[in-house]
Amino acid sequence: MKVFTTKGLIEFSDLRVQDVVETGDNHRKILSQYFLGDELVRQSVFVDALRPLEAEAVGGKVGG
Amino acid sequence: MANSSAICTSFKTELMLGAHQLGSVTIVSRTSLTSPTTDSLKAALYLTTGSIGAGTTAYSSTNEVSGTNYTAGGVSVTNATAPTSSGTTAYWTPSAAITYTTVTLSTAFDTVLLYNSTQSNRAILAYNFGSTTVTAGTLTLNMPTNDSTHALIQLN
C-alpha cells in the first residue's frame, strides 16, 4: 500500500509512523506522523471536541 | 488577541430573529414557504494569530489559513441533524466529522469557525483546538455525541 506524502506516493512499509496524543482543556488531538528516515513527510491530525459550547440563560424570564 | 472557543454572540441574537435553519426547516424559512430548505454551513480554519471568538459576526478571510488543497472559506459542514432538546437543554451538533482532505497547512492554526453560508456567512461558533499543522495529510474534526450532555452547541 502506498501513502501520499510530500515526496509523492511512498510504500507504507518504508515509512516510520508514530501517533502523538495531545490533550487540552476542551479537546483531544492525535497527530499521525509519517517519517521517511528522519524527515516528516506526512502529518494527519484528528481532533475530538470534548467540551460543548454553552449559552446559559441565567435568571432568564419572560415578562415583568 | 488570540482565538477562543465560543458560541458567537451575534448567533444568539440571530436565533431569536429566526435567521438560522440548522438541520431542519420550518414554514418560516426565508426562501420559500412551499419548499423550504435548510441552510448550508461551512467551516473555515484560522491561524493562531487570529482573533476569532464570541465577537465574530461573520466569516472573514483575514487570518484564514492557506495551503495546498485548502480553499478559502473552508469546507461544507453536514447539517442533517435537527436541533432538539432534553429537559431544559436544547442542543445541536453537525451530523458528520468535518474533514479537510490531503491538505498541507504549514503555518500554525488553532481554530475552526462554523458559519452559515446561506445567510450572508453569519458566524455560529468558534472552536479552539490548540495549535497544529498538517503536512500532506488529512485534518479530521470529530464531532461529539449529539445529546444534552455532549452536543457541540447547548442552550441551557
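First things first, this report covers the structure right here in the doc. (Residues numbered from 1 in each chain as written. Chains lettered and ligands numbered in written order. Predicted model: local features only at pLDDT ≥ 70, side-chain atom pairs only at ≥ 80, totals over all residues.)

1. Brief notes about the pairing of strand β7 (residues 122–142) of chain B
All names here are of chain B. Heads up, the condition is: Pairing between strands requires that DSSP locate at least two bridges from one strand to the other. Secondary structure counts use DSSP, requiring at least four H or I residues in a row for a helix and at least two E residues in a row for a strand, with both numbered from the N terminus.
In this sheet, β7 lies alongside strand β1 (residues 6–7) in antiparallel orientation, the contact comprising two bridges. The residue of β7 that forms the bridge with I7 is L125. With 12 bridges connecting them, strand β6 (residues 98–116) and β7 associate as antiparallel partners. When the sheet's bridge partners are listed, V103 is paired in β7 with G137.

2. With respect to the nonpolar core
Proteins that are soluble and globular tend to have nonpolar side chains buried together. We apply this condition: The nonpolar core criterion groups buried Ala, Val, Leu, Ile, Met, Phe, Trp, Tyr and Cys residues into a set whenever they are joined through C-beta atoms within 7 Å. Exposure classes come from backbone-placed C-beta atoms, where a residue is buried if 20 or more other C-beta atoms lie within 10 Å of its own, exposed if 12 or fewer do, and partly exposed in between.
In this structure, C8(B), A43(B), V112(B), L113(B), L114(B), L125(B) and I153(B) are the most contacted members of the largest nonpolar core, which totals 44 residues. Of all the elements in the fold, those that place two or more residues in this core are β5 (39–49) of chain A together with β1, β2 (41–47), β3 (75–77), β5 (89–92), β6 and β7 of chain B.

3. Points about unusual backbone geometry
Residue and element names in this part refer to chain B. One non-glycine residue, N63, adopts positive backbone phi at about 65 degrees. Take N63: it is sitting in the loop between β2 and β3. According to the C-beta neighbour criterion, N63 is partly exposed, with 16 such atoms within 10 Å. Of note, N121 is a non-glycine position whose phi angle comes to about 60 degrees, a positive value. Checked against the element boundaries, N121 lands in the loop between β6 and β7.

4. Describing the interface of chain A and chain B
Where we set the bar: Contact criterion: two residues are in contact if their C-beta atoms, reconstructed from the backbone, are within 7 Å.
Each side of the interface is counted separately: chain A has 24 residues, and chain B has 29 residues. Secondary-structure elements contributing two or more residues to the side of chain A that touches chain B are β1 (2–5), β4 (27–36), β5 and β6 (53–55) of chain A. As paired strands, β6(A) and strand β8 (residues 153–155) of chain B are joined by three bridges and run parallel to one another. Within β8(B), the residue paired with L53(A) across the bridge is I153(B).

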